[in-house]
Amino acid sequence: MTETAPLLSVRNISKRFGGVHALEGVSMELHAGEVVALAGDNGAGKSTLIKAISGVHRCDEGEILFDGGRVDFATPHDARACGIETIYQDLALADNLSVGANIFLGREPKARLFGFLPVLDRRGMAAAAKETMALLDFHVERLEAPVSTFSGGQRQAVAIGRAIHWNAKVLIMDEPTAALGVPEQRKVLALIRSLKAQGRGVIFISHNLADIFAVADRIVVLRRGIKTGERRPGETTSDEIVKLMVGG
Amino acid sequence: MTTITRSAGNGGRSVLMRIAELRAWLFLVLLIVVFEVWARAAYGATFILNAYNLQSIAVFSVAPLLLALGQTFVIISSGIDLSVGFTMGLASVVAAHAAALAGDSLGLDALPAMLLGLGAGVVIAFVPGLVNGWLIAHLRVPPFIGTLGMYGVARGAAFLIAGGTTVPVSNEWFATIGNGQILRVPIVVIITALAVLGMHYLLSQTRFGQHTYAVGANRNAAIRAGIDVKRHTMRLYLLSATCAGLAGALYSARFSAGAAQAGEPLLLDSIAAVVIGGASLFGGSGTIGGTVAGAFVIALIQYGLVFIDVEPFWQFVAVGVVIILSVLVDQSQRRLAGGRQDD
């Protein structure tokens, strides 16, 4: 897999906030169909790194290459337009709306009633929702139900569904399994595997080493803004990762 | 493989929720039955099948319903507009002044003077609406405070423009709009019905409506989805003020006079209609159909209590009790909805 050109390539990026070095010369790569886990203690720079990739922060030094070309996103919208979607912990769902309405939020399709009156194309939204969620092996039966009636894992699936419906090539997920029960965590890991199978690249932040070892192809470890190591799960142990995270 | 479906045992729950959603209509039917039985028992006459009573209740509902239409959008977006009553008063005074001036000083015919008057009433309402929207959207003033301030400003402005008294208009077209009928249906009721249809379309079938629900449920999600929430908020308060402006203009037409206090008692009624209609004051839910039912519930209570000869002050008590009951139903409905709401 590593022989092909990487989908996303981060080269020597640094970011400072005042005197604080949030990131110092960090590099990483992500290939299509690959899952990279970001591990690190609080304040290690994981969030700063994903924010730099997704256009929230601009880096002070270094460069980001996406699909072979250099990119410099001014806003998260620019990143999204290129196919880099970030799913934050709060998922950013409108709880009172259906799966379809959430997927299309802000970009709702229109149909014409009686040939002239423009109306929301609810049927089209529902059909697209069903199709998209089926890609994630989530089979939505109650298409009109508000997403507030869904479980945590299902809501995560809706957020991911929104990203892939708009053709995200890279999905960045911030603590996707936090605040979920064990069965729900398994479902989210299964979702990550299905994204990988579809040839998308996934970067995910997690504190849970078991989750990291379960789905990641590579683990990038950060500590105080510096990349302290990069390992493949088969060639390392939790102990080694923890040592890289905390030092010593 | 996961299937998104409500687990067994939720069948009963969703029936309960359906009932809770339709509570305004059920309550309306209950009220009609009670008053009808009372009327037949006490007077041996029908209450609801009487065309005069129906007309009166419909006309009675016009102003509170118009205010409630705009208020529905604002409340769904998890805001509130406390200024609607005096925006209506301001519009009423300006409409009367404009119609009178156009007729007397400019010497226009009654028809163009009437149109100018109604138009001026609606247009003047844009001012408080835009200021509310600007305060709330751009200066991040809480809606409760921003519109409470505008309540005072619009009130003062209305009384100042009116010179502390009512503003009479003698214009036969004005009076016709306010009191005329087409096929025994009052013209103001027809205008209100058209407004209801338009607002229902706007809320349920357009992006504007969909975004209103989204903003009310999760403002940040709406922003991240690329919705211009500030512009949307401006439009919501402008819409609410426009409805109040129309209500004020129609008030002047009905009484051939503008009054600063035209909408004074209607603020509570407008919010009550929306809440009784099933909208949540926490935002994110509500429908125009529910608001219409809520407005009729209030009108029916007020008119019905007079009809059965109860002291008029009991109306306030009755409407207040219904509001509290509605909010209680709304809260238990949220608990039923799965406890996902933050308590």
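Student: Please explain the sheet that holds strand β3 (residues 35-39) of chain A as it appears in this structure.
Tutor: Adjacent strands of a sheet pair through backbone hydrogen bonds, lying either parallel or antiparallel. Residues and elements named next belong to chain A. The six strands are arranged β6-β10-β11-β3-β12-β13 in an open sheet whose pairing can be described as mixed. Sheet topology places β6 (84-87) and β13 (226-231) at the edges, where each strand pairs with a single neighbour. Strand-to-strand twist in this sheet, taken as the mean axis angle between neighbours without regard to direction, amounts to 20°. Alignment of strand β12 (residues 218-223) against β13, held across five bridges, turns out to be antiparallel. Directly across from V221, in β13, lies its bridge partner G229. Here helix α6 (residues 182-197) sits on the sheet and contacts β3, β10 (170-174) and β11 (201-205); the angle it forms with β11, its principal contact strand, is near 150°. Contacting β3, β12 and β13, helix α8 (residues 238-246) runs over the sheet at an angle of about 30° to β12.

Student: Sorry if this is basic, but what is going on with the sheet that holds strand β1 (residues 8-17) of chain A here?
Tutor: Residue and element names in this part refer to chain A. With antiparallel pairing, the four strands of this open sheet are ordered in space as β2-β1-β4-β5. Looking along the sheet, the strands with just one partner apiece sit at the ends: β2 (20-30) and β5 (69-71). Taken over all neighbouring pairs, the strand axes of this sheet differ in orientation by 30° on average, direction set aside. Sheet analysis places β1 next to strand β4 (residues 61-66), joined by five bridges and oriented antiparallel. Pairing of S14 across the sheet is with E61, part of β4. Each of β1, β2 and β4 touches helix α1 (residues 46-53); the most contacted strand, β2, lies at about 60° to it.

Student: Explain the packing of helix α5 (residues 110-137) of chain B against helix α6 (residues 143-162) of chain B to me, please; I cannot follow it from the model alone.
Tutor: For any two helices packed against each other, one specifies the crossing angle of their axes together with the interaxial distance. All names here are of chain B. Between α5 and α6, the least distance of the axes is 9 Å, while the angle of their chain directions is 150°. The pairing of α5 with α6 is recorded here as roughly antiparallel in orientation. At the point where α5 passes α6, the crossing takes the right-handed sense. Along the contact surface, α5 presents P128, V131, N132, L135 and I136, while α6 presents P143, G146, T147, M150 and A154. In terms of residue class, the contact of α5 with α6 is built from seven nonpolar, three polar and no charged.

Student: Would you explain the pairing of β4(A) in this entry?
Tutor: Residues and elements named next belong to chain A. Relative to β5, β4 runs antiparallel, the two being bridged by three bridges. Counted as the bridge partner of F66 is G69 from β5. Between the end of β4 and the start of β5, which pair antiparallel, lie two residues, with D67 showing a positive phi angle near 55°.

Student: How should I be thinking about the environment of B:K230 in this particular structure?
Tutor: Within the fold, B:K230 resides in helix α11 (residues 229-255). With sequence-adjacent residues up to four places away left out, B:K230 is seen in contact with B:A137 and B:H138.

Student: Even after reading the chapter, I still don't get the interface of chain B and chain A, so can you show me in this structure?
Tutor: How big an interface is tends to be expressed through the accessible area that disappears when the partners come together. Contacts between the two partners involve 26 residues from chain B, matched on the other side by 24 residues from chain A. Of the residues forming the side of chain B that touches chain A, the biggest block, five residues, is contributed by helix α9 (residues 207-217) of chain B. Partitioned by chemical class, the residues of the side of chain B that touches chain A number 10 nonpolar, 12 polar and four charged.

Student: So what exactly am I meant to see when it comes to unusual backbone geometry here?
Tutor: A negative phi angle characterises most non-glycine residues, just as the trans form characterises most peptide bonds. In this structure, A:E175 is a non-glycine residue whose phi angle is positive, near 50°. If you trace the backbone, A:E175 turns up in the loop between β10 and α6. According to the C-beta neighbour criterion, A:E175 is partly exposed, with 18 such atoms within 10 Å. If you check the backbone angles, B:S256 has positive phi at about 50° while not being a glycine. As for its position among the elements, B:S256 is in the loop between α11 and β5 (257-258).

Conventions and cut-offs
- Throughout this description, residue numbers start from 1 for each chain and increase along the sequence as written.
- Think of it this way: whatever chain is written first is A, whatever ligand is written first is 1, and the rest follow in order.
- The predicted nature of this model means local features are confined to residues of pLDDT at least 70 and side-chain atom pairs, given and counted, to a pLDDT of 80 or more, with totals for whole chains, interfaces and linings taken over all residues.
- DSSP bridges decide pairing: two strands pair if at least two such bridges lie between them.
- Helical segments are the DSSP runs of H or I of at least four residues, strand segments are the runs of E of at least two, and each set is numbered from the N terminus.
- Note on geometry: axes are C-alpha line fits, over the in-contact stretch for helices, and angles between N-to-C directions span 0 to 180 degrees.
- A pair of residues counts as a contact when their C-beta atoms, built from backbone coordinates, are separated by no more than 7 Å.
- Angle categories: roughly parallel below 35 degrees, roughly antiparallel above 145, roughly perpendicular from 65 to 115, and oblique for all the rest.
- Definitions for this section: a left-handed crossing has its near helix turned counterclockwise from the far helix by less than a right angle. A right-handed crossing has that turn clockwise.
- Each residue is assigned to one of three groups, with Ala, Val, Leu, Ile, Met, Phe, Trp, Tyr, Cys and Pro labelled nonpolar, Asp, Glu, Lys and Arg labelled charged, and all others, Gly among them, labelled polar.
- Once C-beta atoms are placed from the backbone, each residue is buried if 20 or more other C-beta atoms lie within 10 Å of its own, exposed if 12 or fewer, and partly exposed for counts between those two.

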